[in-house]
Amino acid sequence: MIDLTGKVLVVVDMQPGYRQCMTPEVIDAVELLVREAVRADSLVVFLEFLDGPTLSRLLRRVRRYDQFVIEQKQGCDGSAEVLAACERGLYDTSAFVVCGVDTHVCVRDTARELASKMPGSTVEVVKEACGAEHGNKWHLFPRAHNLRAVSIGAVEHDRSAELEMAD
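Quick caveat, the model's predicted, so the values are computed rather than measured. (Residues numbered from 1 in each chain as written. Predicted model: local features only at pLDDT ≥ 70, side-chain atom pairs only at ≥ 80, totals over all residues. Heavy atoms only, no water.)

1. Brief notes about the overall build of the protein
At step 1: For the protein, the count of helices and strands is five helices and six strands.
At step 2: Along the first, second and third principal axes, the C-alpha atoms of the protein reach 45 × 35 × 30 Å.
At step 3: Per-residue burial over the protein gives 49% buried out of 167 residues.
At step 4: Long-range contacts, defined as pairs at least 24 residues apart, comprise 78% of the intrachain contacts of the protein with a sequence gap of at least 6.
At step 5: As displayed, the protein has an accessible area near 8100 Å², and 52% of this comes from carbon and sulfur atoms.
At step 6: Across the protein, the mean location of the 19 positive side-chain charges is 1 Å away from that of the 26 negative side-chain charges. (Helix = DSSP H or I, 4+ residues; strand = E, 2+ residues; numbered from the N terminus. Buried < 20%, exposed > 50% of the residue type's maximum accessible area, 1.4 Å probe, protein only. Contact = heavy atoms within 4.5 Å. Areas by Shrake-Rupley, 256 points an atom, 1.4 Å probe, with all protein chains shown as cover. Lys, Arg positive; Asp, Glu negative; His and termini not counted. Charge placed at Lys NZ, Arg CZ, Asp CG, Glu CD.)

Structural data, given as structure tokens:
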């Protein structure tokens, strides 16, 4: 599992209007990352593109948690909103973890611009926690010295262990 300690989790456009981009596995992976961010006491930034609220399932994970914000963005790139939220709360901007939809539009633009605007920071895009209507094509994802697509790989394993513990 990715350690989110000292990192900002950016959740892009996980809204009902974008269901065609979300599989149950993507939603599970994003939820897992939100839980990990809360456990690590990290800032969670939910970006929304004007057509509805973030999935209530994800917002339930930050209920009674004071280090999350919901930011409305006007276009595909939400990097300005993420950086403004970090500045307002005096959060560290040395590392970002990005997830959400649409991988090759809003996730890509937000991650690419965070990497460009913050060249000394790391930007990790979590493959399992990203969705696209026509599938993810990671070989087409932008590359930069501080931007990389990463895998959590342990999503199913962690989820199985959680379900066993819940019984």
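From this point, the narrative continues.
2. Section: unusual backbone geometry
At step 1: In this chain, Val 101 is followed by Asp 102 through a cis amide linkage whose omega measures -15 degrees.
At step 2: Among the secondary structure elements, Asp 102 is positioned in the loop between β4 (95–101) and α4 (103–117).
At step 3: Positive phi, normally seen in glycine, also occurs at Asp 13, with a value near 55 degrees.
At step 4: The buried category is assigned to Asp 13, whose relative accessible area is 1%.
At step 5: Here the phi dihedral of Arg 64 falls at roughly 65 degrees; this positive angle occurs in a residue that is not glycine.
At step 6: As for its placement among the helices and strands, Arg 64 is situated in the loop between α2 (56–60) and β3 (68–73).
At step 7: According to the relative accessible area criterion, Arg 64 is exposed, its value standing at 80%.

3. Let's talk about the side chain of Asp 13
At step 1: Of note, Asp 13 is situated in the loop between β1 (8–12) and α1 (24–39).
At step 2: For Asp 13, the residues in contact, after removing those within four places along its chain, are Tyr 18, Met 22, Leu 47, Glu 48, Phe 49, Lys 73, Val 101 and Cys 106.

4. Describing the pairing of strand β5 (residues 122–131)
At step 1: Burial within β5 is extensive, with seven of its 10 residues counted as buried.
At step 2: In the sheet, β4 pairs with β5 via six bridges, with the strands oriented parallel. Bridge pairing in β5 links Phe 96 to Val 123.
At step 3: As paired strands, β5 and strand β6 (residues 147–150) are joined by four bridges and run parallel to one another. When the sheet's bridge partners are listed, Glu 124 is paired in β6 with Arg 148. (Pairing = 2+ DSSP bridges.)

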